[in-house]
Amino acid sequence: MARRHDPERRQRIIDAAIRVVGAKGIAGLSHRSAAAEADVPLGSTTYHFRTLDELLVAALRQANEGFAQAIAARGGLEDPRKDLAGELAALMGEWLAGDRTGVELEYELYLAALRRPALRPVAAEWADGLASLLARRTDPVTARALVALMDGICLQVLLTGAAYDERYAREVLARIVPPGSRDRPGGGPPVT
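Residues numbered from 1 in each chain as written. Predicted model: local features only at pLDDT ≥ 70, side-chain atom pairs only at ≥ 80, totals over all residues. Heavy atoms only, no water.

Counting its secondary structure elements, the protein contains nine helices and zero strands. Helices and strands in the protein line up, N terminus first, as α-α-α-α-α-α-α-α-α. Its C-alpha atoms give the protein principal-axis dimensions of roughly 75 × 35 × 30 Å. For the protein, buried positions account for 45% of its 192 residues. Pairs at least 24 residues apart make up 68% of the contacts formed inside the protein by residues separated by at least 6 positions. Carbon and sulfur atoms provide 54% of the accessible area of the protein, an area that totals close to 10,600 Å². The positive charge centre, built from 25 side chains, and the negative charge centre, built from 25, are 3 Å apart in the protein. (Helix = DSSP H or I, 4+ residues; strand = E, 2+ residues; numbered from the N terminus. Buried < 20%, exposed > 50% of the residue type's maximum accessible area, 1.4 Å probe, protein only. Contact = heavy atoms within 4.5 Å. Areas by Shrake-Rupley, 256 points an atom, 1.4 Å probe, with all protein chains shown as cover. Lys, Arg positive; Asp, Glu negative; His and termini not counted. Charge placed at Lys NZ, Arg CZ, Asp CG, Glu CD.)

Scanning all chains against the criterion turns up one cavity of 30 Å³ or more. Of the pockets and cavities examined, the largest cavity occupies roughly 60 Å³. Along the walls of the largest cavity sit Asn64, Phe67, Trp95, Glu106, Tyr107, Tyr110, Trp126 and Asp151, which together make up its complete lining. Of all the elements in the fold, those that place two or more residues in the lining of the largest cavity are α4 (52-74) and α6 (100-111). A breakdown of the residues in the lining of the largest cavity according to their chemical character gives five nonpolar, one polar and two charged. (1 Å grid on protein atoms, 1.4 Å probe; cavity = no way out; pocket = protein on both sides within 12 Å on 5 of 7 lines; lining within 4 Å. Points joined across faces, edges and corners; volume = space filled by probe spheres on them. Nonpolar A, V, L, I, M, F, W, Y, C, P; charged D, E, K, R; others polar.)

Enumeration according to the criterion identifies seven salt bridges in this entry. With a shortest N-O distance of 3.6 Å, Arg50 and Glu54 are connected by a salt bridge. Arg50 gets classed as exposed once you look at its relative accessible area, which sits at 63%. Across the salt bridge formed by Arg61 and Glu125, the nearest N and O atoms sit 2.5 Å from each other. Here Glu125 lies in helix α7 (residues 120-135) and Arg61 lies in helix α4, a separation of 64 residues in the sequence. On the accessibility criterion, Arg61 (38% relative accessible area) is partly exposed. (Salt bridge = Lys/Arg side-chain N within 4 Å of Asp/Glu carboxyl O.)

In the predicted model, the protein carries a mean pLDDT of 85, and 90% of its residues have values of at least 70. Confidence drops under pLDDT 50 across residues 182-192; counting only partners more than four residues distant or on other chains, this segment forms 19 contacts. (pLDDT = per-residue confidence, 0-100.)

In structure tokens:
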């Protein structure tokens, strides 16, 4: 029997894994459940992803793209004339107002790194990438603090089911942003 060429199979398996995690949580994901969801033979999942952690890494990388796309679509984070705290608060509002299932899935995969060390570098990539972007507007320490605060706000909204309060988010983010940072294209401490 000839082998069927299927260049999209790997991507279909990743998409299927994300759907399985979205429906059943991390505990519901296996090579078998991903294969069934993707409608591919079980051997295809183990061919493309030798371990379940490899599949989870691919799924987390893809899920991380959702927030990166929201940042890119917004476009205001790099504009030094824009209020950084206001831009970040609005960005989180747009992200949380979208498909809540997708946001929950991203956080479930992100938090799975607590128990699965193979996921930690991918979770760190997301935080480091956002911190690097924010460091263009402020200093690296402040950028990391902003990422941590944003994570905390998003987790509270997701875990409590409370509505996202953009005014509150802007206010607390503004407390971390150094005065005058919105006017300094290179970020960093003010020149005295």
